[in-house]
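Okay, here's what each chain looks like letter by letter:
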Number of protein chains: 2
Amino acid sequence: MSDLNLRNATSKDVRMKGFRNRTTVPEALAWVDSKTTSLAPEVVDLSQLAGRILTEDVVSPLDIPGFDRAMMDGFAVLAEDSLGASMYNRLPLQVIGQSLPGNAFSNTVKRGEAVKIMTGAPMPRGTDAVLPVEKVEVDNEQIFAQDAVSPGKHVGYRGEDIACGTTILSKGRQLRPQDVGVLASIGARVSVIRKPRVRIVVTGNELLPPGAVPTGSQIVDSNSPMLAAMIQRDGGLAINPGIVADDPDAILEALRDEVDVVLVSGGSSVGQEDYAPMLVAKHGELAIHGIAMRPSSPAGMGLLEKRLVFLLPGNPVACLCAYDFFAARAIRILSGLSTDWPYRSIRCPLRRKLVSKVGRVDYARVELIGEQIEPIAISGASVLSSTTRADGFVVIPGDSEGYPAETELEVYLYER
Amino acid sequence: MSDLNLRNATSKDVRMKGFRNRTTVPEALAWVDSKTTSLAPEVVDLSQLAGRILTEDVVSPLDIPGFDRAMMDGFAVLAEDSLGASMYNRLPLQVIGQSLPGNAFSNTVKRGEAVKIMTGAPMPRGTDAVLPVEKVEVDNEQIFAQDAVSPGKHVGYRGEDIACGTTILSKGRQLRPQDVGVLASIGARVSVIRKPRVRIVVTGNELLPPGAVPTGSQIVDSNSPMLAAMIQRDGGLAINPGIVADDPDAILEALRDEVDVVLVSGGSSVGQEDYAPMLVAKHGELAIHGIAMRPSSPAGMGLLEKRLVFLLPGNPVACLCAYDFFAARAIRILSGLSTDWPYRSIRCPLRRKLVSKVGRVDYARVELIGEQIEPIAISGASVLSSTTRADGFVVIPGDSEGYPAETELEVYLYER
């Protein structure tokens, strides 16, 4: 029983310390902010750019269009040659070739000549206007202009959409699908903020891997699939090679993985979570352990050789809450994303009073019944079922005792 | 020049027909809705479930927790044995083993015996309560109870979180990260709506593939990277094997790819888009060609051997608009997603009047200046640059002539 005793002793020591000086939520958020900044740039393929954050201004290295082009189907001519043309004064021109998009007419056009041209095709040298196909009569290799065109008519000029040297997208922009299109047009290779690599460390000898079917006293790791989906939402790359043995060496090795952030989540029991805080304290800095909030009061955070480590409670609700409050914020800052909650919010009145305790922040899961907020009573028993039953949550600040019925509150919705 | 003549002739025929009977936007939307329904279910790995739509109610096949368990660290006892215990009447119990999460005590506990137990560990047979560690004095293999506990105290019962047979998630639910966690807990393999496979067919002999750097009269395909990002946003799988030669056989082969939706986008010129409508009309049904809207009036749609085909204009703005109005809707319906615009909207006043024409729908790109809407003047010249300059768009319905300055309108924002 020595193993069990050691664990409990360790657990107590660390926890007592945490509980004596519980960090407030604003202090913990300030710690996250002080330790995180957006990651270094990387160049990625066009197909991976949407949603990423630009780390540089993008200046077009070329003119778009890159050449003078026809804006109508017709005949490229020298405008002067059409001077005075009308239905009653048809002027003949010799058609000496054609210009197609991607297949320009390569010779120079002389007075009295014309080149058949399609919309988007390059204007041949020597021409300065397009006679629309409706304004000519075609007779084999000859056409008769029935209207005059002025110089520049139906011509799109080089650089008139995007001039070489123009800043088309600014640093910090979250790239939209159409931005990716424009970047493709100018042949740009751009730098974006690197995605943080986030290692999920789930410990617990009693746990089965996700995908297994539990029997008897077995429990399946449910936190790692949940965390992986949230990491992806927040711009990170989830790395989750499997459950880590409940052993200090194995856990330390996992904590030292080549990543930007480590999320440690214990199994279902309190004891399972004890090695990680010890290891972070010993080999790095356990900055915060124990936070004045509910749930997630056992959460902690620290640094291990430059990696941010978040200690998330094993309880799924507390894990979700601690992730959303602290780890999501860190991952989003590293990714260059906004630190706003990644949830849509609406304002609704409370159906009944919602109590809290001064001195702690409450992350209260709620259901929406009609247009009203119904707090979900959380007993220890409904931990898992409450995560799917809730429509969202409200945050009750530390200085509030809660709210009477009919108070209008902001609800953050879990639905997309 | 026969090739060019043929193309123009074909173009005219198809186009004139489309333009004579221009379909209204509501008619085109109704056609999309009549031809699309969510795709068949498929079973996917847990790691791919977030954001997908359930096609079945999920009924838990087991109890969670799957066994009676301790809710505190302490000693599992028969409550009766603690009857009358207090600081002044300490009752001795023999510790015969321990129960850990994932490592249950396997024997039966008899009167006068206790088992050391950790939170989350299975309650041994013969015990019905947990004496918290604070309420006992430990003396090697013996403990002294200093308090009485009632039956069931600090015990979590099998099935009290989720009872076997409970419906935990309903058909149609878009799965959240925590839903994936709960599904892992119960070892469920669930069916979700299959993702539509969407083939991007970009034609145009003049086009360079995305990633290339254009020189001279070359143009890079900018529509396919934009479309790929939007398809992914709308729940589809983009299939984009590269630019298709401007040749009817090659285009027909691409139109017959094993997919659910085909998006055809031409090059920069009108002529480039002509084979696809012809081929859809010949081998399938060209239901709509020419729509009363701006931009995107040349857009079309039809069916080819059960595949939905959308003809998107080559002009990037018109391509974006036609995709968002029609193709996005189809892909979202196939994916089981809402047909709402996938953009956040806000209401703002117009800075100056915004004119439209009765009889057509306008998709007007706008900038936000302060809190006001500034319409972007679209000339043919600013096609590409306007896609990145716009903050969003407003939709002007077909029966409106536009709006005077200061009218409050709904703006759909391109930003996430």
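Residues numbered from 1 in each chain as written. Chains lettered and ligands numbered in written order. Predicted model: local features only at pLDDT ≥ 70, side-chain atom pairs only at ≥ 80, totals over all residues. Heavy atoms only, no water.

Another aspect to go through is the sheet that holds strand 4 (residues 74-77) of chain B. All names here are of chain B. Spatially, six strands are ordered 7-4-6-5-9-8 in an open sheet, and the strand pairing comes out mixed. At either end of the open sheet lies a strand with only one pairing partner, and these are strand 7 (129-132) and strand 8 (136-139). Across this sheet, the average inter-strand angle for adjacent strands is 40°, counted without regard to direction. (Pairing = 2+ DSSP bridges. Helix = DSSP H or I, 4+ residues; strand = E, 2+ residues; numbered from the N terminus. Axes fitted to C-alpha atoms, helices over the stretch in contact; angles between N-to-C directions.)

The next subject is the packing of helix 4 (residues 223-233) of chain A against helix 7 (residues 316-335) of chain A. All names here are of chain A. For the pair helix 4 and helix 7, the least separation of the axes is 10 Å and the interaxial angle reads 30°. Taken together, helix 4 and helix 7 sit at an angle that is classed as roughly parallel. Judged by the sense of rotation from one axis to the other, the crossing of helix 4 with helix 7 is right-handed. Contacts between helix 4 and helix 7 involve Asn223, Met226, Leu227, Met230, Ile231 and Arg233 on the former and, on the latter, Pro316, Cys319, Leu320, Tyr323, Asp324, Ala328, Ile331 and Arg332. For the contact of helix 4 with helix 7, the class distribution of residues is 10 nonpolar, one polar and three charged. (Parallel < 35°, antiparallel > 145°, perpendicular 65-115°, else oblique. Left-handed = near helix turned anticlockwise from the far one by under 90°. Contact = heavy atoms within 4.5 Å. Nonpolar A, V, L, I, M, F, W, Y, C, P; charged D, E, K, R; others polar.)

We now examine the sheet that holds strand 6 (residues 113-117) of chain A. Residue and element names in this part refer to chain A. With mixed pairing, six strands are arranged side by side in an open sheet as 7-4-6-5-9-8. Of all the strands in the sheet, the pair left with one neighbour each is strand 7 (129-132) and strand 8 (136-139). Each neighbouring strand pair of the sheet contributes to a mean axis angle of 40°, computed without reference to strand direction. Sheet analysis places strand 5 (residues 91-99) next to strand 9 (residues 142-145), joined by four bridges and oriented antiparallel. Bridge pairing in strand 9 links glutamine 94 to glutamine 142.

Here the focus is the pattern of salt bridges. Across all of its chains, the model carries 45 salt bridges over all chains by this definition. With its nearest N and O atoms 2.8 Å apart, the salt bridge here joins Arg158(B) to Asp63(B). On the criterion of sequence distance, the pair formed by Arg158(B) in the loop between strand 10 (155-156) and strand 11 (167-169) and Asp63(B) in the loop between strand 2 (58-59) and strand 3 (69-70) is long-range, its members being 95 residues apart. Here Arg199(B) and Asp257(B) are joined by a salt bridge, their closest N and O atoms 2.8 Å apart. Note that Arg199(B) is positioned in strand 13 (residues 197-202) and Asp257(B) in the loop between helix 5 (248-255) and strand 17 (261-265), a separation of 58 residues in sequence. Through salt bridges with shared partners, a single ionic network connects Arg233(A), Asp234(A), Asp324(A) and Arg332(A). (Salt bridge = Lys/Arg side-chain N within 4 Å of Asp/Glu carboxyl O.)

Relative to strand 6 (residues 113-117) of chain B, strand 5 (residues 91-99) of chain B runs parallel, the two being bridged by four bridges. Along strand 6 of chain B, the bridge assignment pairs Gln98(B) with Lys116(B).

The next thing to look at is the interface of chain A and chain B. Counting residues at the interface gives 78 residues for chain A and 80 residues for chain B. Interface area for chain A against chain B, summed over the two sides, is near 6,400 Å², with a carbon-plus-sulfur share of 63%. Run the count over chain A and chain B and you get zero salt bridges. Across the contact surface, chain A and chain B share 12 residue pairs in polar contact (both at pLDDT 80 or more). Those elements that provide at least two residues to the side of chain A that touches chain B are helix 1 (2-20), strand 5, strand 11 (167-169), helix 3 (177-185), strand 15 (219-220), helix 4 and helix 8 (383-389) of chain A. For the side of chain A that touches chain B, the element with the most residues is helix 3 of chain A, which contributes eight residues. (Buried area = accessible area lost by both parts, 1.4 Å probe. Polar contact = N/O pair within 3.5 Å; in protein donor to acceptor, adjacent residues only side chain to side chain.)

Once that is clear, we can look at the relation of the copies chain A and chain B. The two copies are related by a screw operation: chain A maps onto chain B through 180° of rotation and 0.0 Å of translation along the axis, at an RMSD of 0.0 Å. As the rotation angle and translation indicate, the two copies are arranged about a two-fold axis. Scanning chain A for the C-alpha nearest the rotation axis identifies Arg344(A), at a separation of 4.9 Å. When the interface residues of chain A are mapped onto chain B, 97% of them are again interface residues, pointing to one common binding face. (Least-squares fit on C-alpha atoms with pLDDT ≥ 70 in both.)

A few words now on the nonpolar core. Leu263(B), Ile291(B), Met301(B), Phe310(B), Tyr323(B) and Phe326(B) are the most contacted members of the largest nonpolar core, which totals 50 residues. At the level of elements, helix 2 (25-35), strand 13, helix 4 (223-233), strand 17, strand 20 (300-304), strand 21 (307-312), helix 7 (316-335) and strand 24 (361-369) of chain B are the ones that each hand at least two residues to this core. By residue number, the principal contributor to this core is helix 7 of chain B, which donates 12 residues. For this core, the domains that each give at least three residues are domain 1 (2-39 + 195-335) and domain 4 (344-413) of chain B. Residues in contact with Tyr323(B), not counting those within four places in the same chain, are Leu227(B), Met230(B), Ile231(B), Arg233(B), Asp234(B), Leu263(B), Leu312(B), Ala328(B) and Ile331(B). Among the nonpolar cores identified, the runner-up in size contains 48 residues, and Ala299(A), Cys321(A), Ala322(A) and Tyr343(A) belong to it. (Core = buried A, V, L, I, M, F, W, Y, C linked by side-chain atoms within 4.5 Å. Buried < 20%, exposed > 50% of the residue type's maximum accessible area, 1.4 Å probe, protein only. Domains from an automatic or database assignment.)

Residue and element names in this part refer to chain A. In the predicted model, chain A carries a mean pLDDT of 90, and 92% of its residues have values of at least 70. Within the model, pLDDT remains below 50 along residues 1-19, and this stretch shows 34 contacts once partners closer than five positions in the same chain are excluded. The complex model carries a pTM of 0.91, and its ipTM stands at 0.90. (pLDDT = per-residue confidence, 0-100.)

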